[in-house]
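Each chain, written out:
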Amino acid sequence: MEMMPSRTILWFRRDLRLCDNPALLHAARDGRTVTPVFVLDPTLIAPSGAPRLAFMYRALRSLNESLDGHLVVRSGDPVSIIPELSAELMASEVVVSRDYAPYGRRRDGAVGNRLGELGVDFVGKGSPYAVPPGTVVKSDGMPYSVFTPFSKRWRQIGWADPVEPTDVAWFGAGDIPSEPIPDEPALSCSLPEAGERAAHARWEAFIERGLETYDTLRNEPAVPGTSGMSPYLRWGQVHPRQLLADLDDLDDSPAHSVFRQEIAWRDFYADVLFHHPDSARHSLQSKMDKIVLDTGAAAHRRFDQWAIGRTGYPIVDAGMRQLLATGWMHNRVRMIVASFLVKDLHLPWQWGARHFMRHLVDGDIASNQHGWQWTAGTGTDAAPYFRIFNPASQSLRFDPSGDYIRRWVPELEHVPAPDIHAPASSRAGLPLGAQAPMLDHGVERVEALRRYRDAMGR
């Protein structure tokens, strides 16, 4: 009598692809039958805004098409759902791509304990990063807290080559009860196409038209100088080592080197969060908790003006409106609007980080929280409190023509450069319907420095 192949559950989370997926290769070894599963976890869905949910649902539909409709979708707490499904299928193991974020680690620990009670193996293979968090350490085994030495060691350690997909015997929806992928929430923004195929098409287009100028154009928000790969990396529709494999290893390729460094930054922030999980919610440098911040009713009103792009500072308003309209914001502009929130408005960085995570389709907890802390001066930098971006000078430097501002702040579309960067100060003054500046940056810069110096005892 022929024995049935051992059955395995492949639990997808932020790895929504079939190519170069170590968890999939492990699950399908020796001809095992694989049940692909995605759990709609209310803990993660509840704080997500419409753009994030819509992009995720589109990514799931694309994955399901690649699986010939076999994706099993269940809603609820994974700590209950995964063990219940394992018992239902009499599965011998559950395989995942490792999650290194604080919630994911707690969740996986609880799921692993429940599966252990059932005699089911819980196996982690691969990760969303080129080099898994916790791997890059100093000679004494301690983690790095500064990016440059981390990146050098990261490069020395290196990463495996991408691997091709394998034939899989799927056993899923159609044979097993499955919920439908939810309908998309109502959207007021346009999103990039989701899915593994779209990810690779976007990357190939960037290689052809944008990679070689990445080092010179990536900071200019008015031009398509960035790769647009961040949503695909966030949801695992492409793995970073697939991108790294296409980069030239030659030291005389500045564009490739800069792009590789951006991937290293992503791994660095994941490593910092892995070693300091509390930094997802609290300042990495606890001494900076002494900074006096505004949190009352008036502070919330100012936050609301910032969130909808009505600060009266054109580059800030353009960025915030781009976020609401597309679920994405240019990285240079992210730094500008973040600096404005924490150092002009004197508001907690956590407020801005939470707003970003709600709206960004590429919102990654490690990169987002630590990017905000870099700006706030509470993170991995040693002494950045004096780094306060001037919105007008940043705008003049990186959007000199004002084209980015005109696209997202149409009430300024007829204001010529250079007046568009600070129209309230121009001879012509503000056009009808334009927002006057809600504050004086020069005054608030002095106030921010005072607060930081008081907190540091200087």
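This text goes with the structure placed above it.
Quick look at the structure, then. (Residues numbered from 1 in each chain as written. Predicted model: local features only at pLDDT ≥ 70, side-chain atom pairs only at ≥ 80, totals over all residues. Heavy atoms only, no water.)

**So, the overall build of the protein**
- In terms of helices and strands, the protein carries 19 helices and six strands.
- On C-alpha atoms alone, the protein measures out to a radius of gyration of 24 Å, which is about the 23 Å that the 2.2 N^0.38 rule sets for 458 residues.
- For the protein, the C-alpha atoms occupy an extent of roughly 90 × 50 × 50 Å along the three principal directions.
- Summarising the internal contacts of the protein: among those between residues at least 6 apart in sequence, 79% fall at separations of at least 24.
- If you sum the accessible surface of the protein, you get close to 20300 Å²; carbon and sulfur atoms cover 52% of it. (Helix = DSSP H or I, 4+ residues; strand = E, 2+ residues; numbered from the N terminus. Rg over C-alpha atoms; globule rule 2.2 N^0.38 Å. Contact = heavy atoms within 4.5 Å. Areas by Shrake-Rupley, 256 points an atom, 1.4 Å probe, with all protein chains shown as cover.)

**What to know about helix α3 (residues 50-66)**
- With 17 residues, α3 extends 24 Å from end C-alpha to end C-alpha; this agrees with the ideal 24 Å at 1.5 Å per step.
- α3 sits mainly inside the fold: 12 of its 17 residues count as buried.
- Every buried residue belonging to α3 is among Pro 51, Arg 52, Leu 53, Ala 54, Phe 55, Met 56, Tyr 57, Ala 59, Leu 60, Ser 62, Leu 63 and Asn 64, and all of these are buried.
- Buried residues in α3 make contact with β1 (7-12), β2 (33-40), α2 (42-45), α7 (196-209), α9 (230-234) and α15 (349-359).
- The first or second residue beyond α3 is Asp 68, which carries a positive phi of 55°. (Expected span 1.5 Å × (residues − 1). Buried < 20%, exposed > 50% of the residue type's maximum accessible area, 1.4 Å probe, protein only.)

**Considerations on unusual backbone geometry**
- Looking along the chain, the bond that leaves Ala 417 and enters Pro 418 is cis, with omega of 5°.
- By the element assignment, Pro 418 lies in the loop between α18 (403-408) and α19 (441-455).
- Unusually for a residue other than glycine, Asp 68 sits at a positive phi of about 55°.
- Position of Asp 68 among the secondary structure elements: in the loop between α3 and β3 (72-75).
- A relative accessible area of 63% means that Asp 68 is categorised as exposed.

**Some words on the pairing of strand β4 (residues 93-96)**
- Side chains Glu 93 and Val 95 of β4 all project onto a buried face; the interleaved residues Val 94 and Val 96 project onto the opposite face, where all are buried too.
- In terms of strand pairing, β1 meets β4 through three bridges, oriented parallel. Of the residues in β4, the one forming a bridge with Thr 8 is Glu 93.
- Once you follow β4 into helix α5 (residues 102-118) and on to strand β5 (residues 121-124), the crossover reads as right-handed. (Pairing = 2+ DSSP bridges. Right-handed = clockwise from strand over helix to strand, strands pointing away.)

**Section: helix α16 (residues 365-376)**
- Between its terminal C-alpha atoms α16 stretches 16 Å, which fits the 16 Å expected from 12 residues at 1.5 Å a residue.
- Burial analysis of α16 places nine of its 12 residues in the buried class, which makes it a mostly covered element.
- Of all the residues in α16, the buried ones are Ala 366, Asn 368, Gln 369, His 370, Trp 372, Gln 373, Trp 374, Thr 375 and Ala 376.
- Packed against the buried residues of α16 are α11 (254-275), α12 (297-308), α14 (331-344), α15 and α19.
- Taking the backbone nitrogen of Ala 366 as reference, a side-chain oxygen 3.1 Å away marks Asp 364 as the first, capping residue of α16. (Polar contact = N/O pair within 3.5 Å; in protein donor to acceptor, adjacent residues only side chain to side chain.)

**Overview of a positive patch on the surface**
- A contiguous patch of positive charge on the surface is contributed by Lys 287, Arg 445, Arg 453 and Arg 458.
- With respect to the secondary-structure elements, Arg 445 resides in helix α19.
- Assessed through its relative accessible area of 35%, Arg 445 is described here as partly exposed. (Patch = residues over 30% accessible without salt bridge, like charges linked within 9 Å, V, L, I, M, F, W, Y side chains within 5 Å. Salt bridge = Lys/Arg side-chain N within 4 Å of Asp/Glu carboxyl O. Lys, Arg positive; Asp, Glu negative; His and termini not counted. Charge placed at Lys NZ, Arg CZ, Asp CG, Glu CD.)

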